[in-house]
Amino acid sequence: PRLRFFSHPLHGRSKTWRVSTSHLTHPRFDSWGYGEVTPNGVGLAYSIHPDSCMFCITALREHDWPERLSHLLEEALLEMQTLNVLDKAPTSRL
């Protein structure tokens, strides 16, 4: 008998990755991309540097959720930047 877990719709969805990521940080790479691995997914390449982060999000044109992902990613990174700046703020000497 087949376990109920394997017939649950969530199990089927979990076998497809809608967001495929790739990290590539090297001084000689200043422009690159990483394609989606499923038709309704996105490829998200990123590069982390000492003073900046670079992201490249690719998707098929027929999908609109990558734009929302891009907006939310930018929002989260700006919030982290603010927290980092606040952490480095001078402290009172009183």
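Throughout this description, residue numbers start from 1 for each chain and increase along the sequence as written. With the structure being a predicted model, the display of local features is reserved for residues of pLDDT at least 70 and the display and counting of side-chain atom pairs for 80 or more, all residues being used for whole-chain, interface and lining totals. The basis for every side-chain value is the complete set of heavy atoms in the structure, and neither hydrogens nor water enter the calculation.

Asks: Which parts of the structure should I look at to understand the environment of Gly-43?
Replies: Within the element layout of this structure, Gly-43 appears in strand β2 (residues 42-48). Of the residues examined, Gly-43 reaches a relative accessible area of 0% and is grouped as buried. The numbering of helices and of strands both runs from the N terminus, where a helix is a DSSP run of H or I of at least 4 residues and a strand a run of E of at least 2. Under the scheme applied here, a residue whose accessible area is under 20% of the maximum for its type counts as buried, over 50% as exposed, and between as partly exposed, the area being computed with a 1.4 Å probe on protein chains only.

Asks: Whenever I open this one, the packing of aromatic side chains confuses me. Can you help?
Replies: Two descriptors summarise a pair of aromatic rings, namely the distance from one centre to the other and the angle between the planes of the rings. Between 30 and 60 degrees the pair is tilted, below 30 it is stacked and above 60 it is edge-to-face, where a pair is any two Phe, Tyr or Trp rings, Trp via its six-membered ring, whose centres lie within 6.5 Å. Scanning the entire structure with this criterion turns up two aromatic pairs. Ring centres of Phe-5 and Phe-6 lie 5.2 Å apart, and the angle between their planes is 75°; on these two criteria the pair is classed as edge-to-face. Overall, the relative accessible area of 52% leaves Phe-5 in the exposed class.

Asks: Could you clarify how one ought to interpret the layout of surface pockets in this entry?
Replies: Here the largest pocket defines a volume of roughly 270 Å³. Sort the elements by how many residues they give to the lining of the largest pocket and helix α3 (residues 65-87) lands first, with four residues. When residues are grouped by polarity, Ala, Val, Leu, Ile, Met, Phe, Trp, Tyr, Cys and Pro land in nonpolar, Asp, Glu, Lys and Arg in charged, and all others, Gly among them, in polar. Considered class by class, the residues forming the lining of the largest pocket number four nonpolar, four polar and two charged. Think of a 1 Å grid over the protein atoms and nothing else: a 1.4 Å probe that fits but is trapped marks a cavity, an open set flanked by protein within 12 Å on at least five of seven lines marks a pocket, and residues with an atom within 4 Å of a point count as lining. Grid points are joined across faces, edges and corners, and a volume is the space filled by probe spheres set on the points.

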